Amino acid sequence: MLNPFATETVTFETPIAMLIACHDRVRQYAALTETLALHLQQQGADAAAVAGAQSILRYFDIAAPLHHQDEDEDLFPALLEHASPTLRADIEQVMAEHAELAQLWHQVRQALLAVIAGDASRLNLALAQSFAKLYPAHAAKEEIAIYPVAAQLLDANCLAQLGKNMAARRTDAARSA
């Protein structure tokens with residue numbers, strides 16, 4: 001089982017790299033959603049499907065919201081203080097996408113809960129493909145339009161505070177779990 005907080009080579013001392021590592025997990029679990037939908041068509045809600053559904057739920061219920069908080073509460077506000085009009089528009093767009101992705105996740109989440117309960121029919125391929133496409137596209141947009149600018153605009157103190165806040169969120173989440 002994957003640890004949704006684990007990274008192989010980055011730490012909170014390099015918060016932008018940590019955010020990118022989170023995106024790698026987003027891509028992995030979003031793709032797993034499509035793979036699961038295909039599996040369900042052939043094998044039904046067997047033990048492997050249930051394990052896959054539980055894994056996806058764990059990531060997108062715990063780690064993904066923390067990642068969005070990292071951006072919405074810390075990274076983006078810090079960047080908006082220095083933002084060009086283009087950067088401001090990019091940040092506003094991805095923040096709006098967070099709400100859209102949350103709605104899509106709600107639909108996928110309900111389907112995954114049904115899989116865990118033995119119902120293979122709720123996670124249809126179209127929903128899974130939409131999720132597997134939109135989440136990684138969103139991550140790519142952040143990595144191309146925002147993260148490189150963050151490394152240029154934010155000073156070492158700001159980045160260090162971002163990393164500390166990210167670590168604290170995960171510590172708090174682990175205590176609450």
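Look above for the structure.
Residues numbered from 1 in each chain as written. Predicted model: local features only at pLDDT ≥ 70, side-chain atom pairs only at ≥ 80, totals over all residues. Heavy atoms only, no water.

Draft legend 1. Seen up close, the pattern of salt bridges. This model, assessed by the stated rule, comprises nine salt bridges. Here Asp 70 ties to Arg 169 by a salt bridge, and the two come within 2.8 Å at their closest N and O atoms. Here Asp 70, found in helix 2 (residues 47-80), pairs with Arg 169, found in helix 6 (residues 156-176); they are 99 residues apart in sequence, far enough to count as distant. Of the two residues examined, Asp 70 and Arg 169, each falls in the buried class. (Salt bridge = Lys/Arg side-chain N within 4 Å of Asp/Glu carboxyl O. Helix = DSSP H or I, 4+ residues; strand = E, 2+ residues; numbered from the N terminus. Buried < 20%, exposed > 50% of the residue type's maximum accessible area, 1.4 Å probe, protein only.)

Draft legend 2. Helix 6, seen in detail. The end-to-end C-alpha separation of helix 6 is 30 Å, in line with the 30 Å expected for 21 residues at 1.5 Å each. By the burial criterion, the buried members of helix 6 are Leu 159, Leu 162, Gly 163, Met 166, Arg 169 and Arg 170. Along helix 6, the residues classed as buried sweep out an arc of 120 degrees about the axis, all on the same side. Opposite its buried face, helix 6 presents the exposed residues Asn 157, Lys 164, Arg 175 and Ser 176, each directed more than 90 degrees away. For helix 6, the capping residue at the N-terminal end is Asp 155, with a side-chain oxygen 3.1 Å from the backbone nitrogen of Asn 157. (Expected span 1.5 Å × (residues − 1). Arc of directions from axis to C-beta. Polar contact = N/O pair within 3.5 Å; in protein donor to acceptor, adjacent residues only side chain to side chain.)

Draft legend 3. Layout of the packing of helix 1 (residues 15-43) against helix 6. One way to put it is that helix 1 packs onto helix 6 with a least axis distance of 9 Å and a crossing angle of 45 degrees. If you check the angle between helix 1 and helix 6, you find them oblique. Residues Pro 15, Ile 16, Met 18, Leu 19 and Cys 22 of helix 1 lie in contact with helix 6, whose contacting residues are Leu 159, Leu 162, Gly 163, Met 166 and Arg 170. Per-class residue counts for the contact of helix 1 with helix 6 are eight nonpolar, one polar and one charged. (Axes fitted to C-alpha atoms, helices over the stretch in contact; angles between N-to-C directions. Parallel < 35°, antiparallel > 145°, perpendicular 65-115°, else oblique. Contact = heavy atoms within 4.5 Å. Nonpolar A, V, L, I, M, F, W, Y, C, P; charged D, E, K, R; others polar.)

Draft legend 4. Expanded view of the side chain of His 98. By the secondary structure assignment, His 98 is in helix 3 (residues 85-116). We classify His 98 as buried; its relative accessible area is 5%. Side chain to side chain, His 98 and Glu 142 meet in a polar contact 3.1 Å long. Discounting residues that sit within four places of it in the chain, His 98 has contacts with His 68, Glu 71, Asp 72, Phe 76, His 138 and Glu 142.

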